[in-house]
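So the chains spell out like this:
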Amino acid sequence: MSSLFSSLKMMTKGAMRCVLITNHLKFFETIGNFQLLQVTVRDALNQAMDEELERDERVFLLGEEVAQYDGAYKVSRGLWKKYGDKRIIDTPISEMGFAGIAVGAAMAGLRPICEFMTFNFSMQAIDQVINSAAKTCYMSAGLQAVPIVFRGPNGASAGVAAQHSQCFAAWYGHCPGLKVVSPWNSEDARGLLKSAIRDDNPVVVLENELMYGVAFEVSEQGLSKDFTIPIGKAKVERPGNHVTLVSHSRMVGHCLDAAAVLAKEGIECEVINLRTIRPLDVETIEASVVKTNHLITVEGGWPQFGVGAEICARIMEGPAFNYLDAPVIRVTGVDIPMPYAKILEDNSTPQIKDIIFSVKKTLNM
Amino acid sequence: WVELLLRVVVSARTYADFTPQATFDIKKCDLHKLEEGPPVQAVLTREEGLQYYRTMQIMRRMELKADQLYKQKIIRGFCHLYDGQEACAVGIEAGINLTDHLITAYRAHGYTLTRGGTVREIMAELTGRRGGIAKGKGGSMHMYAKNFYGGNGIVGAQVPLGAGVALACKYQGKNELCVCLYGDGAANQGQIFETYNMASLWKLPCIFICENNRYGMGTSVERAAASTDYYKRGDFIPGLRVDGMDILCVREATKFAADHCRSGKGPIIMELQTYRYHGHSMSDPGISYRTREEIQEVRSKSDPISMLKDRMLNNNMASVEELKEIDVEVRKEIEDAAQFATTDPEPPLEDLCNHIFHNEPPLEVRGTNPWVKLKSVS
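Reading the values: the criteria
- Residues numbered from 1 in each chain as written.
- Chains lettered and ligands numbered in written order.
- Predicted model: local features only at pLDDT ≥ 70, side-chain atom pairs only at ≥ 80, totals over all residues.
- Heavy atoms only, no water.
- Helix = DSSP H or I, 4+ residues; strand = E, 2+ residues; numbered from the N terminus.
- Rg over C-alpha atoms; globule rule 2.2 N^0.38 Å.
- Buried < 20%, exposed > 50% of the residue type's maximum accessible area, 1.4 Å probe, protein only.
- Contact = heavy atoms within 4.5 Å.
- Areas by Shrake-Rupley, 256 points an atom, 1.4 Å probe, with all protein chains shown as cover.
- Lys, Arg positive; Asp, Glu negative; His and termini not counted.
- Charge placed at Lys NZ, Arg CZ, Asp CG, Glu CD.
- Axes fitted to C-alpha atoms, helices over the stretch in contact; angles between N-to-C directions.
- Parallel < 35°, antiparallel > 145°, perpendicular 65-115°, else oblique.
- Left-handed = near helix turned anticlockwise from the far one by under 90°.
- Nonpolar A, V, L, I, M, F, W, Y, C, P; charged D, E, K, R; others polar.
- Pairing = 2+ DSSP bridges.
- 1 Å grid on protein atoms, 1.4 Å probe; cavity = no way out; pocket = protein on both sides within 12 Å on 5 of 7 lines; lining within 4 Å.
- Points joined across faces, edges and corners; volume = space filled by probe spheres on them.
- UniProt positions renumbered as here; feature names shortened; annotations may be inferred.
- Salt bridge = Lys/Arg side-chain N within 4 Å of Asp/Glu carboxyl O.
- Phe/Tyr/Trp six-rings, centres within 6.5 Å; stacked < 30°, edge-to-face > 60°.
- Buried area = accessible area lost by both parts, 1.4 Å probe.
- Polar contact = N/O pair within 3.5 Å; in protein donor to acceptor, adjacent residues only side chain to side chain.
- Core = buried A, V, L, I, M, F, W, Y, C linked by side-chain atoms within 4.5 Å.

**Student:** Where do I start with the overall build of chain B in this structure?
**Tutor:** Of the regular secondary structure elements, chain B holds 12 helices and 12 strands. Here the C-alpha atoms of chain B give a radius of gyration of 22 Å, agreeing with the 21 Å that 2.2 N^0.38 yields for 378 residues. With the C-alpha coordinates aligned to their principal axes, the bounding extent of chain B is approximately 70 × 60 × 45 Å. Buried residues in chain B amount to 57% of all 378 residues. Intrachain contacts of chain B at a sequence separation of at least 6 include 71% that bridge at least 24 residues. Total accessible area on chain B stands at roughly 16500 Å², and carbon and sulfur atoms take up 52% of it. Mean positive and mean negative side-chain charge positions of chain B (46 and 48 charges, respectively) differ by 3 Å.

This is how it looks when you write it as structure tokens:
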């Protein structure tokens, strides 16, 4: 009774703050008239899968430790308890086998989500992803659809060394018949995963382990059950006039941090979050380059034949080339297998200072 | 009208003189982890016999016609022919329903036929025309039909796919099963053992069928496999070794296997001992790793079509004329189809980029140079 009274007292005040912990560990802030939820990327992915599992009974999840362990990175926490053995399936350590099984199930009318514990392990199954999933609609002249999602963490983590740190954006982004998305924040994660699950085609969702625990504000619209982000559309996260920074996944955050530092020196960066690797939204990049005349791509993966290399080629081939005042610069991971020691690992992927340095270089400062 | 009269005479004979059905002894299957196997006798009705005969002949003639067209360079690329193995495809189909599912590797023309494809569509796909079953986009190894998932070019990849189809069958609860075929060569693929494990763990309604034609391309089974008992290699999965040249043996074994799956017992393996007359593909004469004598011996002693024909004639289930007439009809059907396959136009260039995706708004596809912007519709 007294707690109710004190709550009422609180509510009569101007700005109010109430914390509500749900079983998804959301934090609910009401500031003035705005309602924003702090949602971690992990929870965003979890909610997206939960909602899609509920919406369509053909959707199911399979992968290592996804069920009773709640997911190796806890992304599928609570799902097995809610949906049971039929729809959340723990597999043996058999990537090629279970990826093939997932593709076959998709061919026969289900809508599987196939989790790779990390995309490094997807190499064992890559034939099923490319030859069985990606190419089939074309080979069958549209007779055989493959509505499947391959998802899991991609790219560098922390201290997991060479065999567990590869970025597969370029490899999967190379292949026709696949769609490849790479979310950065929670809204991206929610919207892109939902779109991927609803898509009738094979979609590779490249998540990032280091982002799983990061919380972002998500709007009410972003929390609605039918919120999807279109595959193939990039987002301008921060407008600017002096230089365009294009990135995907975790590096988007680095770009925004670099932009904040540079803003103090009067340099306004336009930061574009690709969101989708394939199909690449070249138009958004071109429109930005026309405005800023300078382009820098930032990625965690290796430089050769990478996402940045593709962007350079496309910009050169298109109308934006004539608006460039300097060659496009690629900021990438170092061209080596990922080392273990922290000092070495830290110097193997782009840091904020690398982005700042490149911006100043391209602006001749 | 003489022909019409003859037809009337023949059909009048049909009802009066022929044995409507007969029981045949068939070879006992070798068993692995099974208490009992399929029956050692099979009942064949006249209708069934005629239908099997016709289908096997169509299959045989179709493959021989493909051989001809390949030598004339009208069919290009890969062409893996099925002649000799007809009893497998036709026998399997006789043991399941069209509502069941089937997937195989690249030696797929026979299965495309039994699963509902027409000879015209199959041949036109081989010649790469727009009337092909995959509109000319797929070719020999990528033909599809309802509940038939190809036609798969990567050796062994179709096995996990088939188990996935079986998972969907179980998930959807429609009492359907999936027949999942692979060869003696593919039987050594790791992903097949991964699949055995999961199919068994999850009790998937999957009939794994190894078509053992003794050679994986040019490598005999003895040189490729430490154990050539392919029906046992599923270890914890029960298995049958079946005479794959006898259509009745194949049919009864398939029925037995289907019952096993449908009763919820999980997967089962069938090894069909069969033989291909052609080499591995049209680029392989097929005589560098086996003798002409061996091929000839199988042809004369174990040909599946001859075996069925002899059974029917010896038991007065059909007449020589009747079967000859079927042969004539089959020949005509194949000629017709070949004619279509060689005269139908190739796919239009506008189709080049279509069908990349399913259910997708039109998109632009980069051509061979930056100025070529092609359109893709789904």
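**Student:** Help me understand the overall build of chain A, please; the structure alone is not making it clear to me.
**Tutor:** Counting its secondary structure elements, chain A contains 14 helices and 15 strands. Taken over the C-alpha trace, chain A has a radius of gyration of 21 Å; the compact-globule value for 365 residues is 21 Å, and the two agree within 12%. Taking the principal axes of the C-alpha coordinates as reference, chain A spans close to 65 × 60 × 45 Å. Buried residues in chain A amount to 56% of all 365 residues. Counting every atom, chain A has about 15500 Å² of accessible surface; 57% of that belongs to carbon and sulfur. Counting 35 positive and 41 negative side-chain charges, chain A places the averaged centre of each group 5 Å from the other.

**Student:** Help me out: how do you make sense of the packing of helix α11 (residues 282-292) of chain A against helix α12 (residues 307-317) of chain A in this one?
**Tutor:** To describe two helices that pack against each other, one gives the angle between their axes and the distance between the axes. Residues and elements named next belong to chain A. Direction vectors running N to C along α11 and α12 enclose 65 degrees, while the axes themselves pass 11 Å from each other. The angle between α11 and α12 places the two elements in the roughly perpendicular class. The crossing of α11 and α12 is right-handed. Between α11, through Val-282, Ile-285 and Glu-286, and α12, the contact on the second element is made entirely by Ile-311, Arg-314 and Ile-315. Residue composition of the contact of α11 with α12, grouped by class: four nonpolar, no polar and two charged.

**Student:** What is the right way to read the sheet that holds strand β5 (residues 178-183) of chain B from this model?
**Tutor:** The pairing of strands in a sheet happens through backbone hydrogen bonds and is either parallel or antiparallel. Residue and element names in this part refer to chain B. If you walk across this open sheet you meet the six strands as β2-β9-β10-β6-β5-β4, and the pairing is mixed. Two strands in the sheet have a free side with no partner beyond their single neighbour: β2 (30-32) and β4 (101-103). Taken over all neighbouring pairs, the strand axes of this sheet differ in orientation by 20 degrees on average, direction set aside. Relative to β5, β4 runs parallel, the two being bridged by three bridges.

**Student:** I keep staring at the pairing of strand β11 (residues 243-247) of chain A and nothing clicks. Help me out?
**Tutor:** In summary, the side chains of a regular strand alternate between the two faces of the sheet. All names here are of chain A. The element β11 is extensively covered by neighbouring structure, given that five of its five residues are classed as buried. Sheet topology places β11 next to strand β12 (residues 269-273); five bridges connect them, and they run parallel. Note on β12: the bridge partner recorded for Leu-245 is Val-271. Where β11 and strand β14 (residues 295-298) come together, four bridges link them in parallel fashion. Bridging across to β14, Leu-245 finds its partner in Ile-296.

**Student:** What is the right way to read the layout of surface pockets from this model?
**Tutor:** Over the atoms rolls a probe the size of a water molecule, and in doing so it shows where empty space is left. All names here are of chain A. A volume near 500 Å³ is recorded for the second largest pocket. Contributing to the lining of the second largest pocket are 33 residues, with Ala-156, Arg-250, Met-251, Met-338 and Thr-349 lying nearest its centre. Looking at the lining of the second largest pocket, the elements with two or more residues in it are α10 (250-263) and α13 (342-346). Partitioned by chemical class, the residues of the lining of the second largest pocket number 13 nonpolar, 16 polar and four charged.

**Student:** Can you walk me through the UniProt feature "domain: Dehydrogenase E1 component" (unreviewed entry) in chain B in this structure?
**Tutor:** Feature annotation in UniProt places "domain: Dehydrogenase E1 component" (unreviewed entry) on residues 55-349 of chain B, given in this structure's numbering. Across residues 55-349 of chain B, the secondary structure splits into 45% helix and 11% strand, with the terminal C-alpha atoms separated by 35 Å.

**Student:** In this structure, what is going on with empty space enclosed by the protein? I would like to understand it.
**Tutor:** Inspection of every chain in the model, using the stated rule, returns one cavity of 30 Å³ or more. Taken as a whole, the largest cavity encloses approximately 40 Å³ of empty space. Partitioning the lining of the largest cavity into residue classes produces six nonpolar, two polar and one charged.

**Student:** Would you explain the pattern of salt bridges in this entry?
**Tutor:** Side chains that differ in charge, positive against negative, can pair when their charged atoms come close. Residues and elements named next belong to chain A. All chains considered together, the criterion is met by 45 salt bridges over all chains. The partner of Asp-43 in a salt bridge is Arg-77, with the nearest N and O atoms 3.5 Å apart. One end of the pair, Asp-43, is in helix α2 (residues 41-55); the other, Arg-77, is in the loop between β3 (59-63) and α3 (79-83), and 34 residues separate them in sequence. The exposure class assigned to Asp-43 is buried, which follows from its relative accessible area of 7%. Put simply, Arg-275 and Asp-188 hold a salt bridge, and the shortest N to O gap is 2.7 Å. One end of the pair, Arg-275, is in the loop between β12 and β13 (276-278); the other, Asp-188, is in helix α8 (residues 186-198), with 87 residues separating them in the sequence. A relative accessible area of 0% places Asp-188 in the buried class. It is possible to trace a salt-bridge network through shared partners that takes in Glu-51, Glu-52, Arg-55, Arg-190, Lys-194, Arg-198 and Asp-226.

**Student:** Honestly, α11 of chain A in this entry has me stumped. Any pointers?
**Tutor:** Among the residues making up α11 of chain A, those that are buried are Val-282, Thr-284, Ile-285, Glu-286, Ser-288, Val-289 and Thr-292 of chain A. Residues of α11 of chain A that are buried in the fold lie against β10 (235-238), β11, β12, β14 and α12 of chain A.

**Student:** Teacher, can you tell me more about the packing of aromatic side chains here?
**Tutor:** The description of an aromatic ring pair rests on the distance of the ring centres and on the angle between the ring planes. All names here are of chain A. Enumeration over the complete set of coordinates arrives at 14 aromatic pairs over all chains. An angle of 35 degrees between the planes, with centres 6.3 Å apart, marks the rings of Phe-98 and Phe-116 as tilted. Of this pair, Phe-98 sits in helix α4 (residues 95-107) while Phe-116 sits in the loop between β5 (111-115) and α5 (126-134), and the two are 18 residues apart along the sequence. The exposure class of Phe-116 is buried, given its relative accessible area of 0%. When the ring of Phe-168 is compared with that of Tyr-172, the centres are 6.2 Å apart and the planes differ by 40 degrees; the resulting orientation is tilted.

**Student:** How should the interface of chain B and chain A be read in this particular structure?
**Tutor:** The parts lose accessible area when they come together, and the size of an interface is often stated as this lost area. In this assembly, 36 residues from chain B lie in contact with 45 residues from chain A. In total, chain B and chain A occlude about 3400 Å² of area from one another, counting both sides; carbon and sulfur atoms represent 66% of this. Ranking the residues of chain B by area buried against chain A places Tyr-144, Tyr-171 and His-358 of chain B at the top, with a combined share of 21%. Viewed at the interface, chain A and chain B are joined by two salt bridges. Between Glu-317 of chain A and Arg-366 of chain B there is a salt bridge, with the nearest N and O atoms lying 2.5 Å from each other. Counting across the chain B and chain A interface gives 14 residue pairs in polar contact (both at pLDDT 80 or more). Of all the elements in the fold, those that place two or more residues in the side of chain B that touches chain A are α6 (158-172) and α7 (190-201) of chain B. Ranked by the residues each element gives to the side of chain B that touches chain A, the list is headed by α6 of chain B, at nine residues. For the side of chain B that touches chain A, the class distribution of residues is 21 nonpolar, 10 polar and five charged.

**Student:** Whenever I open this one, the nonpolar core confuses me. Can you help?
**Tutor:** One recurring pattern in soluble globular proteins is that nonpolar side chains are buried together. Counting residues in hydrophobic clusters, the biggest one holds 79 residues, and the most contacted among them are Phe-150 of chain A together with Tyr-182 and Phe-208 of chain B. Not counting residues up to four positions away in its chain, the partners in contact with Phe-150 of chain A are Ala-99, Val-103, Cys-114, Phe-116, Phe-119, Val-129, Ala-133, Val-203, Val-204 and Val-205 of chain A. Membership of the second largest hydrophobic core comes to 71 residues, among which are Leu-240, Leu-272, Ala-318 and Ala-337 of chain B.

**Student:** Sorry, what's going on with the packing of α10 of chain A against helix α14 (residues 352-362) of chain A here?
**Tutor:** All names here are of chain A. The contact between α10 and α14 brings their axes to 9 Å, and the two run at 55 degrees. In terms of axis orientation, α10 runs oblique to α14. The hand of the α10/α14 crossing is right-handed. Along its contact with α10, which presents His-254, Cys-255, Asp-257, Ala-258, Val-261 and Leu-262, the element α14 presents Ile-352, Ile-355, Ile-356, Val-359 and Lys-360. Classifying every residue of the contact of α10 with α14 by side-chain character gives eight nonpolar, one polar and two charged.

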